[in-house]
Amino acid sequence: MEEFSENESWKDWFHHHGPKLLLCARQWTVSMADAEDVVQEAFVRFWRRQRGLSGEPLALLLTSVRRAGLDIARRRMRRAAREAGALGEEPGGGSLFEPLPEGDDRRAAIESALGRLPSEQREVLALKIWGDLTFAQIAHQLGIPANTAASRYRYALAALRHELTGADCHG
Amino acid sequence: MDDDFQDLEAELGRLRPAVPNPRLLLRIGQELAPRRRAGRGWLWAPVAAAAALAAAAVLWPRWAVPPAREAPVLRPAAAPALRPVAVRDVLVGSRDEGYVVLADGWPAHRLREAHLDTIVWRDPRSAASLQWSVPREEIRIVPVNFQ
């Protein structure tokens, strides 16, 4: 993981890491709007007060994002579901990934399969693949043993492959 | 990880997380923008003036009574040791003077506030106190928050 440079502007840093933060935040929130709120809150706090702390900035930020995400999810879960129902929106709202050049069907299938994973598997997968964290770091983030993190990751991949193979067969 | 999953991991790794909506960048920019407050320098003016006043009170006997050998000199038993014990800032009134555009193009409110600053000194030995109040005007520029 790259080091944080003192001279780097927040925009440069956010341009590089913002998408990962948002994707991970999305694992712990019920809507994209909530994920944005969480990222904003965590990033502003980090940039103002925590960027001088030792440790890896992205891991620190992800801890902050997760904490804020869980807080806000608990507070808003009911309300978001009500609003989504009223507006006829998809509860998740917003695509998690950039479109693929070779076509969007595969991306949509992966995204859909991700959405069906148990949340504890999905968060490990997101932190490992898109958050660039090691199993040790994920274990620290989630307060679980590293072996458990690795197991959840394996289960997530297996379930994804099963889902995607099924989708290929049927689609 | 298992060789079985290498292809899937590679495929997932090729997916790039969606770029955040520009409104998120805007909101963060607003929060991280330095707060612009015009006229804060005035805050120190009464404090400096008060300090000068306190110093004058302490030194006054020396200035007022030049040392004279022939004439008896009346001196206080001890120089007053005034110490600031309270500072109060009372907002007397506020007026919104409308919008202004900052150098970076961001709109902001211009607020004119009238304050009354009061500083109290006390000499703990004699219980003598000195209170000094001064009106102060402050112009605050508050960037507009679109949230």
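Since the model is a prediction, treat every value here as computed from it, not as a measurement.

Rules and cut-offs
- Along every chain, residues carry numbers that run from 1 in the direction the sequence is written.
- The lettering of chains begins at A and the numbering of ligands begins at 1, in the order of writing.
- In keeping with the model being predicted, local features are shown solely for residues with a pLDDT of at least 70 and side-chain atom pairs are shown and tallied solely at 80 or more, while totals for entire chains, interfaces and linings include all residues.
- Derived side-chain values reflect all non-hydrogen atoms in the structure, with water molecules and hydrogen atoms excluded from consideration.
- The helix and strand labels rest on DSSP assignments: H or I over at least four residues marks a helix, E over at least two residues marks a strand, and numbering proceeds from the N terminus.
- Exposure is judged per residue with a 1.4 Å probe applied to protein chains only, and the accessible area is read against the type maximum: over 50% gives exposed, under 20% gives buried, and values in between give partly exposed.
- Contacts between residues were defined by any pair of non-hydrogen atoms, one from each residue, lying within 4.5 Å.
- Note on areas: Shrake-Rupley with a 1.4 Å probe; residue coverage comes only from the protein chains shown.
- The definition of a nonpolar core used throughout is a set of buried Ala, Val, Leu, Ile, Met, Phe, Trp, Tyr and Cys residues joined through side-chain atoms within 4.5 Å.
- Summed over both partners, buried area is the accessible surface (1.4 Å probe) that two parts give up on being assembled.
- The term salt bridge refers to a side-chain nitrogen of Lys or Arg lying within 4 Å of a carboxyl oxygen of Asp or Glu.
- Axes, fitted as lines to C-alpha atoms, cover a helix only where it is in contact. Angles between the N-to-C directions of the axes lie from 0 to 180 degrees.
- Our angle categories are set so that under 35 degrees counts as roughly parallel, over 145 as roughly antiparallel, 65 to 115 as roughly perpendicular, and the remainder as oblique.
- Less than a right angle of anticlockwise turn of the near helix away from the far helix marks a crossing as left-handed, whereas a clockwise turn marks it as right-handed.
- Residues form patches when they are more than 30% accessible in relative terms and have no salt bridge. Like charges link within 9 Å. Nonpolar side chains (Val, Leu, Ile, Met, Phe, Trp, Tyr) link within 5 Å.
- Strands are labelled as partners when DSSP assigns at least two bridges between them.

Asks: Sorry if this is basic, but what is going on with the overall build of chain A here?
Replies: If you tally the helices and strands in chain A, you get 7 helices and 0 strands. Going residue by residue from the N terminus, the α and β elements of chain A occur as α-α-α-α-α-α-α. Looking at the 171 residues of chain A, the share that counts as buried comes to 48%. The long-range share in chain A, meaning contacts at least 24 apart out of those at least 6 apart in sequence, stands at 66%. In the form shown here, chain A has an accessible surface area of approximately 8,900 Å², with 50% of it arising from carbon and sulfur atoms.

Asks: How should unusual backbone geometry be read in this particular structure?
Replies: Among all residues except glycine, the phi angle is most often negative; among peptide bonds, the trans geometry is most common. All names here are of chain A. In the Ramachandran plot, Asp-132 falls in the positive-phi region, its phi being about 60 degrees despite a non-glycine side chain. Counting through the fold element by element, Asp-132 comes out in the loop between α5 (119-129) and α6 (135-142). Exposure remark for Asp-132: the relative accessible area of 38% places this residue in the partly exposed category.

Asks: In this structure, what is going on with the nonpolar core? I would like to understand it.
Replies: One recurring pattern in soluble globular proteins: nonpolar side chains tend to sit buried together. Ranked by internal contacts, the top residues of the largest apolar core, which has 57 residues, are A:Phe43, A:Leu125, A:Trp130 and B:Leu12. Take this core: its biggest share by element is 9 residues, from helix α2 (residues 32-50) of chain A. Filtering out sequence-adjacent residues up to four positions away, B:Leu12 remains in contact with A:Ile110, A:Leu125, A:Ile129, A:Trp130, A:Leu157 and A:Leu160.

Asks: What am I meant to see in the interface of chain B and chain A here?
Replies: In many analyses, interface size is given as the accessible surface area lost on bringing the parts together. With 26 residues of chain B in contact, the opposing surface of chain A contributes 34 residues. When chain B packs against chain A, the two sides together hide about 2,900 Å² of surface, and 69% of this comes from carbon and sulfur. Among the residues chain B hides against chain A, the three largest losses belong to B:Leu12, B:Leu15 and B:Leu32. Together they make up 21% of the total. Counting across the chain B and chain A interface gives 4 salt bridges. With a closest N to O distance of 2.5 Å, B:Glu11 and A:Arg106 form a salt bridge.

Asks: Could you clarify how one ought to interpret the pattern of salt bridges in this entry?
Replies: Where side chains of opposite charge bring their charged atoms close, a pairing between them can arise. Residues and elements named next belong to chain B. Applying the stated criterion to the full structure yields 17 salt bridges over all chains. Note that Arg-136 and Asp-89 form a salt bridge whose closest N and O atoms lie 3.3 Å from each other. Taken together, the residues Arg-136 in strand β3 (residues 129-143) and Asp-89 in strand β1 (residues 83-101) connect sequence positions 47 residues apart. Relative accessible area serves as the criterion here: at 5%, Arg-136 is assigned to the buried category. Between Arg-112 and Glu-97 there is a salt bridge whose closest N-O contact spans 2.6 Å. Of this pair, Arg-112 sits in strand β2 (residues 107-122) while Glu-97 is found in strand β1, placing the two residues 15 residues apart along the sequence.

Asks: Would you mind showing me how to read the packing of helix α1 (residues 10-27) of chain A against helix α2 (residues 22-32) of chain B here?
Replies: The angle between the axes and the distance between the axes are what describe a pair of packed helices. Closest axis-to-axis distance for the α1(A)/α2(B) pair is 12 Å, and the angle between their directions is 130 degrees. Between α1(A) and α2(B), the angle falls in the class oblique. Pair α1(A) / α2(B) crosses with right-handed handedness. Only B:Leu24, B:Leu25, B:Ile28, B:Gly29 and B:Leu32 of α2(B) make contact with α1(A), whose side of the interface consists of A:Trp10, A:Phe14 and A:Leu22.

Asks: So what exactly am I meant to see when it comes to a nonpolar patch on the surface here?
Replies: A cluster of nonpolar side chains, namely B:Val90, B:Val92 and B:Leu116, defines an oily patch on the protein surface of about 250 Å² accessible area. Along the polypeptide, B:Val90 turns up in strand β1.

Asks: Would you mind going over the pairing of β2(B) with me for this structure?
Replies: Both faces of the sheet carry side chains from a regular strand, because those side chains alternate between them. Residues and elements named next belong to chain B. Where β1 lies against β2, 15 bridges are found, and the strand directions are antiparallel. Bridge pairing links Val-87 to Ile-119 in β2. Counting the residues that bridge the hairpin from β1 to β2 gives 5 residues, and of these Gly-105 lies at a positive phi of roughly 90 degrees. In this sheet, β3 lies alongside β2 in antiparallel orientation, the contact comprising 15 bridges. Paired with His-109 across the bridge in β3 is Val-142. The loop that links β2 with its antiparallel partner β3 comprises 6 residues; one of these, Ala-127, has a positive phi angle of about 65 degrees.

Asks: Is there a simple way to explain the environment of A:Ile129 in this structure?
Replies: With respect to the element layout, A:Ile129 can be found in helix α5. For A:Ile129, a relative accessible area of 14% corresponds to the buried category. For A:Ile129 and A:Tyr153, which are 24 residues apart along the polypeptide, the C-alpha to C-alpha distance reads 9.7 Å. If sequence neighbours within four positions are ignored, A:Ile129 has contacts with A:Tyr153, B:Glu9, B:Leu12 and B:Gly13.

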